[in-house]
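Structural description and commentary
For reference, the chains in residue letters:
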Amino acid sequence: VARVINTLVFTILGASVGVCYQASRITGKPQEFRSLAKLVAGGGNITEDIHMRWRESQMDFYGTIIETLESAEMKRRALERVRALNPDLKESDVDIRVTQSKGSATFNILANGTEPKYTRIFLDALLDEFIAFRQQVRESQGGKTLQQFLQAVVAQQKKMEDSMAMLEKVRARVDSLSAKSELERLVTRLNTLRNQRDDLRLELKPMDANDAARAPLEAKLSTTGQGIQAVEAELQRHEPGISELRVATEKYETDKQAYEKLFEEGEEIQARINTSADYVAIQEHATSAAENVEDWRLPIAVGALGGGLLGAAVGLLLSLLISRSPAPPPIPSAG
């Protein structure tokens, strides 16, 4: 009976101590406020043959997102942003925890802090800094390739501009007012002489060889032929300029087409960088921070159970020790 009583007493005492300990632990905690935000991540289109490799790279990418969001560097950037945008706001410590929703590319960013307004503002600053950081990463990933290609575009543009300047120079010389007037006069003169030659040939054709009127017409035809040769020689003198203009025009058109093609390819590269690179976007901004109230029932029950078991064990042990200890010697009676 004494053993049972001891066990019950120590069980009750242990349970009471456990309850008191858990109660003091819960009530002694400072207030905690939580704000939640969400990010969504993704990547470019993939083909079936690289599906597994893509999935592995995505897992690494997702792990990098979590690691970066929880890093001290990102927390430092967020703190500097809050200080810059809210200089009068009192600072407080904020803890960041990131989890990925199962089976999706959604990331839950939980901020725990002791001050609700600061916790929410800090979490939004963290999101903004992270997005800016990711943008820098994307630009550095595609910037090198794009920069090299843009150098080729700039070089081709310079070549096109030089060709255009040469064309304008040749055109100004060949297409000058005096040169154009001279060419027009010579062409008109040549056409007139050729018409005269054709008319004389038609007139001579039906005449007999001994016809007395034939000699003057033949002399005139000879003079016309000489005139045609003289005009054609004069036009030949202008041919180098015309040829130079034609060559300059063709070169400019070739350089222009090459530049336009390179420019279009550059736009395609930029588009591929924008669409194929991994992206991260804010799905939900920070919610208003709400107080995190801990459920006291489970901790109290755990404390009572743990303390009771410990007390029962102590009571049982003491009872066993007492029962096994030798009885004290009897006190001799007075004789």
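Anything mentioned here points back to the structure above.
Fair warning: this is a prediction, and the values are worked out from it, not measured in the lab.

**Comments concerning the overall build of the protein**
- Check the secondary structure of the protein and you find seven helices and five strands.
- Counting the 335 residues in the protein, one finds 29% classified as buried.
- Contacts in the protein between residues at least 24 apart in sequence constitute 82% of all its contacts with a sequence separation of at least 6.
- Counting every atom, the protein has about 22400 Å² of accessible surface; 58% of that belongs to carbon and sulfur.

**Concerning empty space enclosed by the protein**
- Inspection of the entire model under this criterion finds one cavity of 30 Å³ or more.
- Looking at the largest cavity, its volume works out to about 30 Å³.
- Lining the largest cavity are Phe61, Thr64, Ile65, Thr68, Phe130, Phe133 and Arg134.
- Of all the elements in the fold, those that place two or more residues in the lining of the largest cavity are helix 2 (51-69) and helix 4 (116-174).
- In terms of residue count, helix 2 provides more of the lining of the largest cavity than any other element does, four residues in total.
- By residue class, the composition of the lining of the largest cavity is four nonpolar, two polar and one charged.

**Concerning the packing of aromatic side chains**
- If you walk through the whole model with that rule in mind, you get three aromatic pairs.
- Between the aromatic rings of Tyr62 and Phe107, the centroid separation amounts to 5.6 Å while the plane-to-plane angle is 65 degrees, which identifies the pairing as edge-to-face. With Tyr62 in helix 2 and Phe107 in strand 3 (residues 106-113), the pair connects residues that are 45 residues apart, well separated along the chain. Taken as a pair, Tyr62 and Phe107 share a single burial class, namely buried.

**A look at the nonpolar core**
- Ranked by size, the top nonpolar core spans 28 residues in total, and within it Leu39, Ile65, Ile96, Ile109 and Leu123 carry the most contacts.
- Element by element, the count of residues in this core is highest for helix 4, at eight residues.
- Aside from chain neighbours lying at most four places away, what touches Leu123 is Ser35, Leu36, Ala37, Ile96, Ile109, Ala111 and Ala286.
- If you look at the next biggest cluster of nonpolar residues, it comprises 12 residues, including Val170, Ala248, Tyr252 and Ile269.

**Remarks on the pattern of salt bridges**
- In the structure shown here, the tally under the stated rule is 13 salt bridges.
- Among the salt bridges present, the one from Arg34 reaches Glu32, with a minimum N-O distance of 3.6 Å.
- What emerges from the salt-bridge pattern is a single network uniting Glu73, Arg76, Arg77 and Glu80.

**Some words on the side chain of Asp124**
- With respect to the secondary-structure elements, Asp124 resides in helix 4.
- Salt bridges are absent for the buried Asp124, whose nearest opposite-charge side chain, Arg120, sits at 4.0 Å.

Definitions and limits used
- Residues numbered from 1 in each chain as written.
- Predicted model: local features only at pLDDT ≥ 70, side-chain atom pairs only at ≥ 80, totals over all residues.
- Heavy atoms only, no water.
- Helix = DSSP H or I, 4+ residues; strand = E, 2+ residues; numbered from the N terminus.
- Buried < 20%, exposed > 50% of the residue type's maximum accessible area, 1.4 Å probe, protein only.
- Contact = heavy atoms within 4.5 Å.
- Areas by Shrake-Rupley, 256 points an atom, 1.4 Å probe, with all protein chains shown as cover.
- 1 Å grid on protein atoms, 1.4 Å probe; cavity = no way out; pocket = protein on both sides within 12 Å on 5 of 7 lines; lining within 4 Å.
- Points joined across faces, edges and corners; volume = space filled by probe spheres on them.
- Nonpolar A, V, L, I, M, F, W, Y, C, P; charged D, E, K, R; others polar.
- Phe/Tyr/Trp six-rings, centres within 6.5 Å; stacked < 30°, edge-to-face > 60°.
- Core = buried A, V, L, I, M, F, W, Y, C linked by side-chain atoms within 4.5 Å.
- Salt bridge = Lys/Arg side-chain N within 4 Å of Asp/Glu carboxyl O.
- Lys, Arg positive; Asp, Glu negative; His and termini not counted.

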